[in-house]
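As a plain string of letters, each chain reads:
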Amino acid sequence: MRNFTCVQDLGDLNEALQEAFEIKKDRFQFSTLGKNKTLLMIFFNSSLRTRLSTQKAAMNLGMNTMVLDVNQGAWKLETERGVIMDGDKPEHLLEAIPVMASYCDVIGVRAFALFENRDEDYSEKIINQFIQYSGRPVFSMEAATRHPLQSFADLITIEEYKTTPRPKVVLTWAPHPKALPQAVPNSFAEWMNATDYDFVITHPKGYELDAQFVGNATVEYDQAKAFEGADFIYAKNWSAFQEPHYGEVLSTDRAWTVDTAKMALTNNAHFMHCLPVRRNMIVTDDVIESDRSIVIPEAANREISAQVVLKKILEGLDAK
Ligand code: AN0
Ligand code: CP
């Protein structure tokens, strides 16, 4: 594998899952694969899990890691070509990318949607510039439209906790005070559509996701109805995708908060969320603390998903 930005890049999903379970049995079995190889992780946005789990995964493979927080201590980067740079950004991405690439072998990038222009966000301009100009393998640590390391960890977690071959998995919108990207729900939908699970998306009117991610999912506007018989509830907030409201918060209706009464409608479902989560907006204390909540093992699986991806990228390097 060269780059990793979406589910298709991983190849056969069942094989990738088997690899994940093998790594989970002994995460140090490939501890020399990354010897003398350097991972550079570049963050345009904050992170707790992605930063730590990806760094840990790289260390398990024997890699060296460097982390750059673009907004803390590095020069602010211009990303548009042709701009007269007389503003607050002293450096252009077009110099920064090859310079950063000269110090490393593999690049991870986190660059959220900017919410200025939907087409630009959905063209994945920033991560694509890294792919185009770095000459290095590049993987997404959440880009404008997808968060594939998260979705892979989510899939691993569902495979571990499911008790029926074809579980009912429900992605539910939930309220949040600030505008959040669609990357996590887009990506989750993309990965769920790559399985044979019974996959349902529920959200208030106006929160329809891009059809390319919704795929074959059932869209149900009645949250209670969607929850009936669910084996997994995956909660997430996102801002509007549809124009003319792209990137806007259309509702903070706490009637959509996942609480005990709603979980009682399910088939004793497990509760999932990628974290960070705002308690009593997205989910009540009782639900996230309940024995059906698997948010901590879900986050722990981020180390495993990152390790499978880095291992495949390292194997691709050696093949060159
Ligand atoms: C981000 C988001 O919703 O995309 C990161 C989630 C992994 N969440 C926040 O910014 C709170
Ligand atoms: N789930 C996730 O990606 O968390 P961070 O934003 O803390 O990395």
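Residues numbered from 1 in each chain as written. Chains lettered and ligands numbered in written order. Predicted model: local features only at pLDDT ≥ 70, side-chain atom pairs only at ≥ 80, totals over all residues. Heavy atoms only, no water.

Enquirer: Help me understand helix α1 (residues 13-25) in this model?
Expert: One turn of an α-helix holds 3.6 residues; hence residues three or four places apart share an orientation. The first and last C-alpha atoms of α1 sit 19 Å apart over 13 residues, in line with the 18 Å expected at 1.5 Å per residue. All buried positions along α1 are accounted for by L13, A16, L17, E19, A20 and I23. Seen along its axis, α1 keeps its buried residues to an arc of 160 degrees; they face one direction. Along α1, exposed side chains directed more than 90 degrees from the buried face belong to N14, E15, Q18 and K25. For α1, the N-terminal capping position is held by D12, with its side-chain oxygen 3.0 Å away from the main-chain nitrogen of N14. (Helix = DSSP H or I, 4+ residues; strand = E, 2+ residues; numbered from the N terminus. Expected span 1.5 Å × (residues − 1). Buried < 20%, exposed > 50% of the residue type's maximum accessible area, 1.4 Å probe, protein only. Arc of directions from axis to C-beta. Polar contact = N/O pair within 3.5 Å; in protein donor to acceptor, adjacent residues only side chain to side chain.)

Enquirer: So what exactly am I meant to see when it comes to helix α3 (residues 93-101) here?
Expert: Every buried residue of α3 is accounted for by L93, A96, I97, M100 and A101. One side of α3 carries all its buried residues, which in axial view fall inside an arc of 125 degrees.

Enquirer: Help me understand the site of ligand 1, please; the structure alone is not making it clear to me.
Expert: Close to ligand 1 lie F112, E142, H147, L180, P181, K236, C274, L275 and P276. Between ligand 1 and the protein, one listed contact pairs an oxygen atom with a side-chain N or O atom of E142 at 2.6 Å. K236 is positioned with one of its side-chain polar atoms (N or O) 2.7 Å from an oxygen atom of ligand 1. Here ligand 1 has 330 Å² of accessible area as a free molecule, and 82% of this is covered by the chains. The residue makeup of the shell around ligand 1, split by class, is six nonpolar, one polar and two charged. (Near = heavy atom within 4 Å. Areas by Shrake-Rupley, 256 points an atom, 1.4 Å probe, with all protein chains shown as cover. Nonpolar A, V, L, I, M, F, W, Y, C, P; charged D, E, K, R; others polar.)

Enquirer: When you look at the nonpolar core in this model, what are you seeing that I'm missing?
Expert: Generally speaking, nonpolar side chains in soluble globular proteins are found buried as a group. Judged by nonpolar contacts, the single largest core of 53 residues is most densely connected at F139, F152, F199 and L310. Residue contributions to this core peak at eight residues, all from helix α12 (residues 295-319). Split by domain, the residues of this core number at least three in each of domain 1 (7-146 + 302-318) and domain 2 (150-298). When neighbours within four sequence positions are excluded, L310 is seen to be in contact with L39, T54, A57, A58, L61, M63, V106 and F139. (Core = buried A, V, L, I, M, F, W, Y, C linked by side-chain atoms within 4.5 Å. Domains from an automatic or database assignment. Contact = heavy atoms within 4.5 Å.)

Enquirer: Is there a simple way to think about the site of ligand 2 in this case?
Expert: Close contacts around ligand 2 come from S47, L48, R49, T50, R110, H147, Q150, C274, L275 and R302, and that covers them all. S47 places a polar side-chain atom, nitrogen or oxygen, 2.7 Å from an oxygen atom of ligand 2. The separation between a nitrogen atom of ligand 2 and a polar main-chain atom of C274 is 3.0 Å. Taken by itself ligand 2 offers 260 Å² of open surface, and the protein chains cover 93% of this. For the shell around ligand 2, a count of residues per class yields three nonpolar, four polar and three charged. In terms of domain composition, the shell around ligand 2 takes at least three residues from each of domain 1 (7-146 + 302-318) and domain 2 (150-298).

Enquirer: Would you mind showing me how to read the environment of Y246 here?
Expert: Residue position: Y246 is located in the loop between β10 (232-236) and α10 (260-263). On the basis of relative accessible area, Y246 is assigned to the buried category, the value being 9%. Between the C-alpha atoms of Y246 and R118, which are 128 residues apart in sequence, the distance is 6.7 Å. Contact partners of Y246, with chain neighbours within four places excluded, come to A113, F115, N117, R118, D121, Y122, Q182, A240 and F241.

Enquirer: Mind showing me how you'd approach the domain arrangement of the protein chain here?
Expert: Frequently, the measure chosen for interface size is the accessible area that the parts lose on association. Per the domain assignment, the segments making up the protein chain are domain 1 (7-146 + 302-318) and domain 2 (150-298). Counting from both sides, the interface comprises 27 residues of domain 1 and, opposite them, 31 residues of domain 2. When the area that domain 1 buries against domain 2 is broken down by residue, the three leading residues are F115, R118 and Y122, summing to 29%. The interface formed by domain 1 and domain 2 includes three salt bridges. The partner of K24 in a salt bridge is E160, with the nearest N and O atoms 2.7 Å apart. Scanning the region where domain 1 abuts domain 2 turns up nine residue pairs in polar contact (both at pLDDT 80 or more). If you list the elements that add at least two residues to the side of domain 1 that touches domain 2, you get α1, α4 (118-122) and α12. Per-element accounting of the side of domain 1 that touches domain 2 gives the leading share, six residues, to α1. Here the residues of the side of domain 1 that touches domain 2 sort into 16 nonpolar, four polar and seven charged. (Buried area = accessible area lost by both parts, 1.4 Å probe. Salt bridge = Lys/Arg side-chain N within 4 Å of Asp/Glu carboxyl O.)

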